[in-house]
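# Residue-level structure breakdown
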Amino acid sequence: MKLRLTLACVGMLVSASALAACSGGGSADAPAIEPFLWTESPAYCAFLPSGTKFNPADKSTWEFTFITEPQAGTPLAQSQAVMKIAGEMVRLNRAPDAPGANARTWVYRGEDGMLEVELKLDQAATEIGGSTGGPQNAKLSLRAPSKGLVQEVRGGCGL
């Protein structure tokens, strides 16, 4: 009886893992996307975890998970994304050629190509990295080196 119960539990775990892999679920073992304080430089795009209390007058609430910095003379869509992943601040470049990248799904990669992040907006922007027309909900996840858990975020670009 104990062996049958153990086999049943193992079967359920394998089935749950396979279902998560097929449904786009990520791994809790993947490097984590973490919030970080961003107060001294302007940001064109800024997304923070959903449900986070944000007060424009209180810089201690400016903890974001994804921002882009505007750059003089460079189209805003080309601005690098800044994130904190696995405890390290990283800069990522837009990857318009990545599979699935479009005006609703933005993909950014590290310079070495090993790190890849996806920001999926609820409503498409006019261009990748461009104005979102107001705040909106989105899903943020790590695509590489391993698929991470999806985080619900809220924010926008050009607000």
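### Section: the overall build of the protein
The number of helices and strands found in the protein is one helix and eleven strands. When its helices and strands are written in sequence order, the protein yields α-β-β-β-β-β-β-β-β-β-β-β. Evaluated residue by residue, the protein yields a buried proportion of 38% over its 159 residues. A total accessible area of about 9,000 Å² is found for the protein, and carbon and sulfur atoms account for 57% of it.

### What to know about unusual backbone geometry
Cis geometry marks the peptide bond from alanine 144 to proline 145, where omega comes out at 20°. If you check the backbone angles, alanine 86 has positive phi at about 50° while not being a glycine. Structurally, alanine 86 is set in the loop between strand S6 (81-85) and strand S7 (88-94). Residue alanine 86 is classed as partly exposed on the basis of its relative accessible area of 48%.

### Considerations on the environment of proline 99
Mapped onto the elements of the fold, proline 99 is located in the loop between S7 and strand S8 (105-109). Assessed through its relative accessible area of 59%, proline 99 is described here as exposed. Residues within four places of proline 99 in sequence aside, it is in contact with Arg109 and Arg143.

### Focus on the nonpolar core
Counting residues in each nonpolar core, the largest one holds 24 residues, and the members touching the most others are Phe47, Phe66, Met83, Trp106 and Leu119. Only strand S3 (45-49), S6, S7, S8, strand S9 (116-121), strand S10 (136-144) and strand S11 (151-157) provide two or more residues apiece to this core. One finds Phe36, Trp38, Ala46 and Ile67 within the second-largest nonpolar core, a separate group that totals eight residues.

### Quick word on the confidence of the model for the protein
On average, residues of the protein score 82 in pLDDT, and 81% of them are at 70 or above. Scored below 50 in pLDDT, residues 1-23 shows one contact in the model against residues more than four places distant or in partner chains.

### A short note on the layout of surface pockets
Rolled over the atoms, a probe as big as a water molecule pinpoints where empty space is left. Considering only enclosed or pocket space, the largest pocket measures out at about 380 Å³ in volume. Lining the largest pocket we find 19 residues, and of these Ala46, Leu48, Phe54, Phe64 and Leu159 sit closest to its centre. Going through the elements one at a time, S3 and S11 are the ones with two or more residues in the lining of the largest pocket. A per-class count over the lining of the largest pocket returns eleven nonpolar, seven polar and one charged.

### Let's talk about the pattern of salt bridges
A full pass over the atoms with the stated rule returns seven salt bridges. For the salt bridge of glutamate 116 with arginine 109, the shortest nitrogen-to-oxygen distance reads 2.5 Å. Judged by its relative accessible area of 23%, arginine 109 is partly exposed. A salt bridge links glutamate 118 to arginine 143; the shortest N-O distance between them is 2.8 Å. Residue glutamate 118 is found in strand S9, and its partner arginine 143 is found in strand S10; the two are separated by 25 residues along the sequence.

### Some remarks on the pairing of S10
Sheet analysis places S9 next to S10, joined by six bridges and oriented antiparallel. Paired with valine 117 across the bridge in S10 is leucine 142. Note that S10 and S11 share five bridges and pair antiparallel. Note that in S11 the partner of glutamine 136 across the bridge is glycine 155. Two successive antiparallel strands, S10 and S11, enclose a turn made up of six residues.

Calculation notes
- Residues numbered from 1 in each chain as written.
- Predicted model: local features only at pLDDT ≥ 70, side-chain atom pairs only at ≥ 80, totals over all residues.
- Heavy atoms only, no water.
- Helix = DSSP H or I, 4+ residues; strand = E, 2+ residues; numbered from the N terminus.
- Buried < 20%, exposed > 50% of the residue type's maximum accessible area, 1.4 Å probe, protein only.
- Areas by Shrake-Rupley, 256 points an atom, 1.4 Å probe, with all protein chains shown as cover.
- Contact = heavy atoms within 4.5 Å.
- Core = buried A, V, L, I, M, F, W, Y, C linked by side-chain atoms within 4.5 Å.
- pLDDT = per-residue confidence, 0-100.
- 1 Å grid on protein atoms, 1.4 Å probe; cavity = no way out; pocket = protein on both sides within 12 Å on 5 of 7 lines; lining within 4 Å.
- Points joined across faces, edges and corners; volume = space filled by probe spheres on them.
- Nonpolar A, V, L, I, M, F, W, Y, C, P; charged D, E, K, R; others polar.
- Salt bridge = Lys/Arg side-chain N within 4 Å of Asp/Glu carboxyl O.
- Pairing = 2+ DSSP bridges.

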